[in-house]
Amino acid sequence: MNRKIVALILGLTLLCAALAGCGGQSTLDKIEKNKKVVWGTNAYFMPFEIREGEDVIGVDAEIAAAVAKKLGVELVVEDMEFESLISALESGTVDFVGAGMTITDERKEKADFSTGYWTAVQVVTVAADDESVLTVGDLSSLVIGVQSGTTGDFVAEDLTNNPDTGIMRYNTVIEAMQDLKNGNIDCVIADDLPSQAIVSQTEGLKILDLAPSDEETYAFAVKKGDTELLNVINEVLAEMMESGEIETLVNKYSLGQ
Ligand code: ARG
């Protein structure tokens, strides 16, 4: 073979290897190098994440802290809109997400999920004196408030007869509940424990005995392919579930309800 061609092939091979080496730094390598791991969440979701001044506390915060501890690095919190969390994983802005996030088929296409650590359901909240909603079917003509991009939002999309005017989207469940209290919307569809926490602290609201959708499973998420990091999270979750700690933490951070 022509020597020039051999040299060219060799050169290209080396270049490819070098590029792969740079691009191939895993999230775990980055975490170990920076000595910190970035947890992405949306901190208005009691008892899973609660903002307390500068800090974020709650069940997911304790799990995230245990993950950082197992990795032997510092935990950094990125509190952002719920809807931005998966793309923040994809872009590397955050290393893992813990946000009472439900495993869904669509999300699984964009991120890898840990083992489940909690089971939740959607509940319907209305004004305390509202006796008009008797069945799930009654929701189809109402104005439903949801946290944008959540499973409550998807359930509302399935139920409503008026996709344009029948759903009001908010950044947090708390804002949706506030608008319900103010009489601007007819109901809120959101996860059970955060709804209960807000309703117990807000006068004039009640949760209906209706199941608008199936049970959901919460899990932590990592960028697609970040298997090493996911394994660490799964180990932490297995330990905390086996010891009953998750249950204990849910009770602890639900206190005051
Ligand atoms: N479980 C619902 C979902 O995954 C809502 C989660 C909202 N979490 C939060 N931290 N705001 O869509």
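Residues numbered from 1 in each chain as written. Predicted model: local features only at pLDDT ≥ 70, side-chain atom pairs only at ≥ 80, totals over all residues. Heavy atoms only, no water.

Of all the 5 residues making up strand β12 (residues 187-191), 5 are buried; the element is thus mostly covered by neighbouring parts of the structure. Strand direction decides the pairing type here: strand β9 (residues 122-127) and β12, joined by 4 bridges, are antiparallel. Following the sheet pairing, V123 is matched in β12 by A190. Both strand β10 (residues 144-147) and β12 contribute to a ladder of 2 bridges, which runs parallel. If you follow I144 over to β12, its bridge partner there is C187. (Buried < 20%, exposed > 50% of the residue type's maximum accessible area, 1.4 Å probe, protein only. Helix = DSSP H or I, 4+ residues; strand = E, 2+ residues; numbered from the N terminus. Pairing = 2+ DSSP bridges.)

Within helix α10 (residues 245-254), the full set of buried residues consists of I246, L249, V250, Y253 and S254. The buried residues of α10 occupy an angular sector of 125° when the element is viewed end-on, so they sit on one face. Those residues of α10 that are buried are in contact with β3 (49-52), β4 (55-57), α3 (59-71), β8 (118-120), α8 (192-201) and α9 (227-242). (Arc of directions from axis to C-beta. Contact = heavy atoms within 4.5 Å.)

Okay, the environment of Y117 next. Within the secondary structure, Y117 is located in the loop between β7 (111-113) and β8. On a C-alpha basis, the gap between Y117 and M241 in space is 7.1 Å, while along the polypeptide they are 124 residues apart. Non-local contacts of Y117, meaning those with residues more than four positions away in its chain, are made with F48, D60, I63, G100, Y218, A219, F220, L237, M241 and I246. A polar contact of 2.6 Å, which involves the side chain of Y117, links it to the side chain of D60. (Polar contact = N/O pair within 3.5 Å; in protein donor to acceptor, adjacent residues only side chain to side chain.)

Looking now at the pairing of β10. Two faces make up the sheet, and in a regular strand the side chains alternate between them. Along β10, one buried face is formed by I144 and V146 and the opposite face, lined by G145 and Q147, is buried too. Note: β10 against strand β11 (residues 167-170), 4 bridges, orientation parallel. If you follow G145 over to β11, its bridge partner there is M168. Running through helix α6 (residues 151-159), the crossover from β10 to the neighbouring parallel element β11 is right-handed. (Right-handed = clockwise from strand over helix to strand, strands pointing away.)

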